[in-house]
Amino acid sequence: MIIILNRPHEDARMRSRLSLMMASASLALMLPAAGSAAKFRFAGPLDAYTLDPHAISNTLVFAVLRNVYEPLVQRGPDLSLQPVLATEWTQVDPNTWEFKLREGVTYSNGNPFNADDVVFSFERAKKGGMASHLAEVASIEKVDDLTVRFLSDLPNPILPNQIVNWFMMDREWAEANGATEPGQADNTTESFANRNTNGTGAYVISARDPGVSTEFTARPEWWGQITGNVDKATFFVIPNPATRVSALITGEVEMIDGVPPQDTQRIENTDGLRIAATPDVRTVYIQPDVARDTLIHGGGVEGNPFKDVRVREAMTLAIDRDAIQSRIMRGYSTPVGLPIGKEVEGSTDALNTPPPQDLERARALMAEAGYGEGFDVALDCTNDRFMNDEATCLAVGSMLGEIGIRVTPRAQPTARWAQQINPPGYDTSLAMLSYAPYTYDGHQFLSSIAVTRNEETGGGQFNIGGYSNPEVDRLTAEIGAETDPEARAALLAEVFGLLKDDYAFIPLHQLQILWGLKEGVEVVQLADLSYPLAWFTVPE
Amino acid sequence: MILHAVERILQTLLVILIISFIAFMLIDTLGDPLGLLLPPDASLAERQALTERLGLDRPLLARFAEFLAGLPRGDLGISYRTQEEVSGMIAARLPATIELAAVALLISLVVAIPAGIYTGVFPRSRFARAIMFVSIAGVTLPNFVVGILLIAIFSVQLGWFPSFGRGATIVLGGWETGLLTRSGWHAIILPALTLSLFQMTFIIRLLRTQLMEIGRSEHIRFARARGLGEARLWFVYALRNALLPTITMLALQLGNIIAFSVVTESVFAWPGIGTLFLQSVQAADIRVIAIYLIFVGIVYMVINLLVELLYPLIDPRLRQRHA
C-alpha cells in the first residue's frame, strides 16, 4: 500500500525520495482494493468555494473536486504526468498537440465521455476563472469521438503540464441544467453547477453544506480502481487550528490538514497519532521595489537603496534561513536559494541552495554601497495566508535590522495586503510574497513575475518590485518557444542563474504540507495540496 | 403612548439607514474582492473588465443607492466567494446562531439569577466571595481562550462533548434545529457555555449591586421595621425592583450575544452566521459582509425598540410621563 510516513528527524531529501519510490511502486502494481470498505473523516481550515470546476482558479477547489471531476492528464505522487481521461498525447507539430481519449468512461449520470465534452469543457472554461490555464490554446478540434487536437498560435512544449487542473464536464448535463457557462460574481442567480456535480471521477458528492461539510461516496462504475479502501469520506471545515488538533486527538476525525508547526510536537507525542509532511510547491520570498527612485514606505535615506545590487546581496546574506527553519517552522520547511521550489522545472541543487548567513560580509556590502548608516523601510506581509507568515515576517525584519535596515513589519490579512501591493498600484517598498507554479515549470514564474511589466501582454503582472532585466526578458521568450528539452533546461538554468546574481528576489523557504494522522491511516500527499481519496487507506 | 411608539420606530429606521451606510463605507476599505475572483496571473485588462462588470468603479453613493433599492425586493445579490444567493446563505446559517444564543442566554439566566440574588443578599458570606472571585475570570478571559480551555478539558481530557460542529440536525418547517437530537444537545453545551460566561458574570454583578443598594433603601428598612419576614422582604419587595433594570440589560445583551458569537462560533466550527462572517472577511466577500453588518445592526435596533416599547408597560411611572 501507499505509505508516506515522515518523521522530522529523517533527512528531508531521503524522506521524499523514499515516499516517492514507495508511492509509485504501489501505483504501478495497482494493488487490488482492500476488499471491505471504510469510512474516513478529515478536516481542513477552509472549504472549496464552489463545486463549479471552471468558475475560479483556486487550489482548494481543485483539491476537493479532483475526487469528482477528472482532467485529461494529472500529476502523480512522483510529480510525473499520468494519463487520466487521455491515454496518450503527442505533439504532432510545434503548434498542435493530439490527445487520445479513454474509452468506456462514463459520468455519474451515466452519459459517456467523448471528444465533444472536451471541446465543450474548453469553451466553458474559457468563459470563467480557468481561462488563464488555457490561454495558450487557440482552439480544440474533434478528430473523431476519441481523438482531439489542441491548436495554438505559438509552439508550446509544456501544454500537458498546463492543463492538469482543467476538468471535463458533460455537455448534455450542462445544457439540460442551464449550466453551459461557469458561475460568475456578477450573476444574479446561483449557477446549477455551483452545488451539483456530474463528473467521471472516483467519488460523487453525496451531501454538502457549504462552508461546513462535504460528503464523498465511492462510485462503483468508475473506470479506474480505488487503490485505497475509502468508500465514504466526510470533509469538515474547522477554521480554528487548536480545535482541529483537538478533533484529531479526540478521534472525531482521522486526518487534519494545516497543522500549525508549533502543534506538531503535541501530535507526535500523542499515542496513536503522527505527522505526515511533504514539500509544498509554494516558496516564500521577499522582493524590494527597484523601480521607483525613492522609498515610498521608508525613509532616513536619499533615493532608493534597493536599486543597488550590493544592498540586495547584503539582505540575502543577512537572513539566517536555518534559524527560520528550525525556530519558526519547527523543521517543516526547506530553505531555498531560488524563488521556485526544488521540484519545479528549472531548479537545480546548485542554484537552489541558499548562501549561509554572513553578517560581516553583509555589513561590509552595506558600507561599500554607502548605506553604512542604514535606512528605514516597511515590510508588507500577510498574516493569514500561509503557515506562520507573520512570525516569518517579524524574524526577517529583525534579521535585516542586524545590517542597519530598520524594518517595520506590517502584517495584514491577505485581502487587505493584496489590495495594497497588487497591480495596478504596486504600493510597497518591500514585500513578502509567495508563489506556487501549478505547471511545476519555472517558465510560469518567469513570465508572470520575473519579466519586465508589460500592460499589453500581461507579462510580469506580479513583478511586485518592478524588476527589469532585458536579458531575462529575452531568455524567457526563448524558453517559451524552445521545444528541445535539453536546450530548454540549459536556458532555464541560465536565466535562474541571472536572477540569482541580481538578488532581486530574496528567497526564504519552501513550505511543507503538514497533516496530522491517526496511526494506521495511510495517505498520499501531493505537492498541489489536494486530497486524493482513492489512494487513502483507513484501518477497518 | 402611540405617538411614543411611532416616534421610536421612525428613529430606529433612521439609525438602520445610517448603519447600512457605515457598513457600506467600512467594507469599501476592507480589501480587494478581485484578489479572490481573478487567477493570480490575470492581466490588467481582465482586472479592468471584471471591475466594470461588478460596478466597482462606480461612485460609492451610486452603489449604495442600488444596494438599497434591492433590499425591499429581497434581492441581496450573490456572494463573490461561493456564488450562492446571499439571502439564502444567511437564512441557512441563522437557525444555528439563534439556537446557540438562546441556549447561552438560558444557561446564563439559570446560573446567574440565583447566584446574583445570593451574592446580593449575603454579600459577606464566603460562598458569595468565592462566586465573585470566579466571576472575575468571566470578565477577563477572552472568549476564544475560554472555548479552547473547555475543549481541552471536556472534549480532549474527559471526552464528554464533541470539539466541533453542531451534531445531527432535523429540519422542522424550514427551520434546521439541533435541539431535538442527542448529538445536537451534546454539541451545543460547550459553545453555549463559552458564549454565556460573560453574560453570566455581567448579570451576577448587576443583580448583586442592585440588591445591595435596594437593601439599604428606605422602603426595605421600613418594611423590616414593620416586622416583615426576610424572605418576603427580599423576594417580593427588593427583587421586583432589582429585576427591572436586569431584564432591560438582559434583552440588550441578546444583541451582544449574537455579535460575540463570531469568535465562539469560529472556535467550535459552529455553522452559524458568525462563522459565515469570518469566512467572508477572509475572502473580502463584500456583499455578504455588508448584509451581515446591517443584519446585526437591525437585530440590535429591533431588540432596543422592543425594550423601549415594553418599558412603559412594566414601569408605571413611564406610563404617566407619556400620557
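Computed from a prediction, not measured in an experiment: that's the story for all the values here. (Residues numbered from 1 in each chain as written. Chains lettered and ligands numbered in written order. Predicted model: local features only at pLDDT ≥ 70, side-chain atom pairs only at ≥ 80, totals over all residues. Heavy atoms only, no water.)

(A) Fine view of the sheet that holds strand 4 (residues 86-93) of chain A. Residue and element names in this part refer to chain A. Ordered in space as 4-5-7-6, the four strands form an open sheet in which the pairing is antiparallel. The sheet is open, and its two edges are formed by strand 4 and strand 6 (139-144), each paired on a single side. Geometrically, the sheet is characterised by an average inter-axis angle of 25° between neighbouring strands, direction not taken into account. The pairing of strand 6 with strand 7 (residues 147-151) spans five bridges and is classified as antiparallel. Within the sheet, the bridge partner assigned to Ser139 lies in strand 7 and is Leu151. Along the sheet face, helix 3 (residues 115-126) touches strand 5 (96-101), strand 6 and strand 7 and points at about 175° away from the line of strand 6. (Pairing = 2+ DSSP bridges. Helix = DSSP H or I, 4+ residues; strand = E, 2+ residues; numbered from the N terminus. Axes fitted to C-alpha atoms, helices over the stretch in contact; angles between N-to-C directions. Contact = heavy atoms within 4.5 Å.)

(B) Fine view of the side chain of Asn469 of chain A. Residues and elements named next belong to chain A. Relative to the helices and strands, Asn469 is located in the loop between helix 13 (442-450) and helix 14 (470-481). On the basis of relative accessible area, Asn469 is assigned to the buried category, the value being 13%. A polar side-chain atom of Asn469 sits 3.0 Å from the main-chain amide nitrogen of Glu471. Other than its neighbours up to four places away in sequence, Asn469 contacts Thr452 and Asp502. (Buried < 20%, exposed > 50% of the residue type's maximum accessible area, 1.4 Å probe, protein only. Polar contact = N/O pair within 3.5 Å; in protein donor to acceptor, adjacent residues only side chain to side chain.)

(C) Highlighting the environment of Glu373 of chain A. Structurally, the position occupied by Glu373 of chain A is in the loop between helix 10 (359-368) and strand 15 (375-382). Residues Glu373 of chain A and Ile421 of chain A, 48 residues apart in the sequence, show an inter-C-alpha distance of 28 Å.

(D) Looking closely at the domain arrangement of chain B. Residue and element names in this part refer to chain B. Taken domain by domain, chain B holds domain 1 (1-81 + 283-323) and domain 2 (95-272). Taken together, the contact pairs eight residues of domain 1 with 10 residues of domain 2. For the domain 1 face of the interface with domain 2, the top three residues by lost area are Tyr300, Ile303 and Val307, together amounting to 46%. For the interface between domain 1 and domain 2, the tally reads zero salt bridges. For the pair domain 1 and domain 2, the interface holds zero residue pairs in polar contact (both at pLDDT 80 or more). Taken together, the residues of the side of domain 1 that touches domain 2 sort by class into seven nonpolar, one polar and no charged. (Domains from an automatic or database assignment. Buried area = accessible area lost by both parts, 1.4 Å probe. Salt bridge = Lys/Arg side-chain N within 4 Å of Asp/Glu carboxyl O. Nonpolar A, V, L, I, M, F, W, Y, C, P; charged D, E, K, R; others polar.)

(E) Fine view of a nonpolar patch on the surface. Residues and elements named next belong to chain B. A contiguous nonpolar patch, built from Ile2, Val6, Ile9, Leu10 and Leu13 and spanning about 500 Å² of accessible area, is present on the exposed surface. Structurally, the position occupied by Ile9 is in helix 1 (residues 2-28). Here Ile9 falls in the partly exposed class, since its relative accessible area comes to 37%. (Patch = residues over 30% accessible without salt bridge, like charges linked within 9 Å, V, L, I, M, F, W, Y side chains within 5 Å. Areas by Shrake-Rupley, 256 points an atom, 1.4 Å probe, with all protein chains shown as cover.)

(F) Focus on the pattern of salt bridges. Residues and elements named next belong to chain A. Going through the model one piece at a time under the given rule, you end up with 22 salt bridges over all chains. One salt bridge in this structure joins Asp52 and Arg124, with 2.9 Å as the shortest N-O distance. Of this pair, Asp52 sits in the loop between strand 1 (38-44) and helix 2 (59-65) while Arg124 sits in helix 3; the two residues are 72 residues apart in sequence, bridging distant segments of the chain. Comparing Asp52 with Arg124, the two get one shared label, buried. Linking Asp308 and Arg310 is a salt bridge whose minimum nitrogen-to-oxygen distance equals 2.9 Å.

(G) Layout of the environment of Ser125 of chain B. All names here are of chain B. As for its position among the elements, Ser125 is in the loop between helix 5 (86-121) and helix 6 (126-140). Only 3.4 Å separates the side chain of Ser125 from the side chain of Tyr118, close enough to count as a polar contact. At 3.2 Å, the side chain of Ser125 and the backbone nitrogen of Ala128 are in polar contact.

(H) Just the packing of aromatic side chains, in detail. All names here are of chain A. If you walk through the whole model with that rule in mind, you get 30 aromatic pairs over all chains. Ring geometry for Trp222 versus Trp223: centroids 5.5 Å apart, planes at 55°, classification tilted. Accessibility expressed as a relative area gives 15% for Trp222, which makes it buried. With a centroid separation of 6.3 Å and 35° between ring planes, the pair formed by Phe445 and Phe496 is classed as tilted. Of this pair, Phe445 sits in helix 13 while Phe496 sits in helix 15 (residues 485-502), and the two are 51 residues apart along the sequence. Take Phe496: its relative accessible area is 0%, and that puts it in the buried class. Three or more aromatic residues link up through ring pairs in this structure, and these residues are Phe40, Phe42, Phe235, Trp515, Tyr531 and Phe536. The ring of Trp535 carries the charged tip of Arg66 above its face, separated from the ring centre by 5.6 Å. (Phe/Tyr/Trp six-rings, centres within 6.5 Å; stacked < 30°, edge-to-face > 60°. Lys NZ or Arg CZ within 6 Å of the ring centre and 35° of its normal.)

(I) Seen up close, the state of the cysteines. Residues and elements named next belong to chain A. The final tally for this structure, using the stated rule, is one disulfide over all chains. Here Cys381 pairs with Cys393 through a disulfide, and the sulfurs are 2.1 Å apart. One quick way to see it: the torsion about the S-S bond of Cys381 and Cys393 is about 75°, and its sign makes the bridge right-handed. Linking Cys381 in strand 15 with Cys393 in helix 11 (residues 389-401), this pair joins segments that are 12 residues apart in sequence. Taking the relative accessible area as the measure of exposure, Cys381 reaches 0% and is therefore buried. (Disulfide = S-S within 2.5 Å.)

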